[in-house]
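Each chain is listed here by its residues.
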Amino acid sequence: MSTTAIPALDHEGEPVPTGPHRRSVLSRIEDGALTLLALLGVVCIIATIAAFALNLSLIMFKTGSMSPTIPTGSLAVVRQIPASDIKVDDVTTVSRGEGQLPVTHRVVSVTPIGGGSYSIEMKGDANDSPDARPYEVTEVKKVLWHAPGLAYAVSAVSQPEYMAAITVVASLLVVWAFWPRKQQ
């Protein structure tokens, strides 16, 4: 008398894999986590290449002079442009000189002064009057995009203890990803 095993069926009537072909839930979670981390790595690489190729950088807003448009704690993507491309209503970052932090405000007037230099008058959206004096510039950083509150997260992650923890976790993930597994 011969007996034939009846395969177990899933909720759709399909046979449920058994034996070496059956994947555990943990294996699927591992694969999903590794795929997500790989995608995140690709995004980081693309963002880094784009930052260099397009001359992009990040700035953090520590004051509320541009509120409510750009509140305190915002993170912004800026691109360096020549002064000849500045337009009224652009939000730009300019240097204030040696030993001072740059200022990011809205351009209210642009006047060419020769030799590729321009005099720009700027005003913070939350300020009642323009900045004390115009800025003489040959190039500025133009705000392209901003995200409220993101500067706090970037600032926190930039602390040495968090950077060390991120490095250790990333190292452990790499070891875990390449650790030999039993063949099933």
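For the structure, see preceding data.
For every chain, the first residue of the written sequence is number 1, and numbering continues from 1 onward in sequence order. Two thresholds apply to this predicted model, a pLDDT of at least 70 for residue-level local features and 80 or more for giving and counting side-chain atom pairs, whereas whole-chain, interface and lining totals are computed over all residues. Water and hydrogen atoms play no part in the side-chain values, which are based on all heavy atoms of the structure.

A closer look at the overall build of the protein
- Secondary structure summary: the protein contains 3 helices and 7 strands in total.
- What you see in the protein, going N to C, is helices and strands ordered as α-β-β-β-β-β-β-β-α-α.
- Three exposure classes are used, based on accessible area relative to the maximum for each residue type with a 1.4 Å probe and protein chains only: buried under 20%, partly exposed in between, and exposed over 50%. Per-residue burial for the protein yields a buried fraction of 21% across its 184 residues.
- A fraction of 50% describes how many contacts in the protein between residues 6 or more apart in sequence connect residues 24 or more apart.
- Of the roughly 13200 Å² of accessible surface on the protein, 63% is carried by carbon and sulfur atoms. Only DSSP runs of H or I with at least four residues qualify as helices, and only runs of E with at least two residues qualify as strands; both kinds are numbered from the N terminus onward. Whether two residues are in contact is decided by their heavy atoms, any of which lying within 4.5 Å being enough. A 1.4 Å probe and the Shrake-Rupley method give the accessible areas. Residues count as covered only by the protein chains that appear here.

As for the pattern of salt bridges
- Here, a salt bridge means any Lys or Arg side-chain nitrogen found within 4 Å of an Asp or Glu carboxyl oxygen. Taken as a whole and judged by the stated rule, the model has 2 salt bridges.
- Where Arg106 meets Asp125, a salt bridge forms, and the shortest distance between an N and an O atom there is 2.8 Å. With a gap of 19 residues between them, Arg106 in strand β4 (residues 103-114) and Asp125 in the loop between β5 (117-123) and β6 (135-137) connect regions that are remote in the sequence.
- With a relative accessible area of 24%, Asp125 lands in the partly exposed category.

Digging into the sheet that holds strand β1 (residues 56-60)
- Within the open sheet, the 7 strands sit side by side as β1-β2-β7-β3-β4-β5-β6. Their pairing is antiparallel. Strands with a single pairing partner mark the edges of an open sheet, and in this sheet they are β1 and β6. Taken pair by pair, the neighbouring strands of this sheet meet at an average axis angle of 45°, ignoring direction. Strand pairing requires that DSSP identify at least two bridges connecting the strands. Axis definition: a line fit to C-alpha positions, over the contact stretch in the case of helices; interaxial angles, taken between N-to-C directions, run 0 to 180 degrees.

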